[in-house]
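If you want the building blocks of each chain, they are given just below.
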Amino acid sequence: SEYEEEFLNTIDQILSLNEGLKIESKMRVADVLSVVGIQYEDIQYFLQSHFDFVVYSRISNLPKLAIEVNGMEHYTEEAVRMRDQKKKDICIQKGLKLLIIPNDYVRRYELIKDEIMNILK
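This one's a predicted model, so the numbers in the text were calculated from it and none came from an experiment.

Draft legend 1. Looking closely at unusual backbone geometry. Its identity is not glycine, yet Lys26 carries a phi of approximately 50°, on the positive side. Turning to its location among the elements, Lys26 is positioned in strand 1 (residues 21–28). Owing to a relative accessible area of 44%, Lys26 belongs among the partly exposed residues under this scheme. The residue Asn61 is not glycine, and still its phi comes out positive at about 60°. Note that Asn61 resides in the loop between strand 2 (50–57) and strand 3 (63–70).

Draft legend 2. Summary view of the layout of surface pockets. Volume-wise, the largest pocket comes out at about 170 Å³. The wall of the largest pocket is formed by Tyr45, Ser49, His50, Asp52, Glu68, Glu73, His74, Val80, Arg83, Asp84 and Lys87. It is helix 5 (residues 78–94) that provides the largest number of residues to the lining of the largest pocket, a total of four residues. Of the residues assigned to the lining of the largest pocket, the class counts are two nonpolar, three polar and six charged.

Draft legend 3. Just the sheet that holds strand 3, in detail. As summarised here, the arrangement of the four strands in space is 1-2-3-4, forming an open sheet in which the pairing is mixed. Edge strands, defined here as strands with exactly one partner in the open sheet, are strand 1 and strand 4 (97–102). For this sheet, the mean angle separating the axes of adjacent strands, direction not counted, is 25°. With six bridges joining them, strand 3 and strand 4 adopt parallel strand pairing. Bridge pairing in strand 4 places Ala66 opposite Leu98.

Draft legend 4. Main features of the pattern of salt bridges. Enumeration over the complete set of coordinates arrives at seven salt bridges. Taking the shortest distance from any N to any O, the salt bridge between Arg28 and Asp31 comes out at 3.1 Å. Its relative accessible area of 36% is what places Arg28 among the partly exposed residues. In the salt-bridge network here, residues are joined through shared partners; they are Glu4, Lys26 and Asp52.

Draft legend 5. Geometry of the side chain of Glu68. Its place among the elements puts Glu68 in strand 3. Classification of Glu68 as buried rests on a relative accessible area of 6%. Among the polar contacts listed, one links the side chain of Glu68 to the backbone nitrogen of Asp52, at a separation of 2.9 Å. Ignoring anything within four residues of it in the chain, the contact list for Glu68 reads His50, Phe51, Asp52, Lys87, Leu98, Leu99, Ile100 and Ile101.

Rules behind the numbers
Residues numbered from 1 in each chain as written. Predicted model: local features only at pLDDT ≥ 70, side-chain atom pairs only at ≥ 80, totals over all residues. Heavy atoms only, no water. Helix = DSSP H or I, 4+ residues; strand = E, 2+ residues; numbered from the N terminus. Buried < 20%, exposed > 50% of the residue type's maximum accessible area, 1.4 Å probe, protein only. 1 Å grid on protein atoms, 1.4 Å probe; cavity = no way out; pocket = protein on both sides within 12 Å on 5 of 7 lines; lining within 4 Å. Points joined across faces, edges and corners; volume = space filled by probe spheres on them. Nonpolar A, V, L, I, M, F, W, Y, C, P; charged D, E, K, R; others polar. Pairing = 2+ DSSP bridges. Axes fitted to C-alpha atoms, helices over the stretch in contact; angles between N-to-C directions. Salt bridge = Lys/Arg side-chain N within 4 Å of Asp/Glu carboxyl O. Polar contact = N/O pair within 3.5 Å; in protein donor to acceptor, adjacent residues only side chain to side chain. Contact = heavy atoms within 4.5 Å.

That is the geometry; function is a separate question.
Rendered as structure tokens:
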């Protein structure tokens, strides 16, 4: 989406300050995290859903942070909120930090930089 492209521009600037990190977009949850330990009722969601962005360590190639850029439907539509909760639960279960950025924050460089750096400490 337009907001995701704007966010990518913002985060590219942030990650350029830290050469040990890289970002990938539209990553399937199943390609980022192991299916081991996922509850059966969540398997289908796990296999089909994706993260908007994932920050990886260049050295270990392990995911450090998943990022979602969310529009209004993520706050107003019950079905979307339920799917988002599953993604949050999977991240908690697997120990992957999840940062959620509302669409209207994608250009807020300092705020995003501070959030990302605090999470990655």
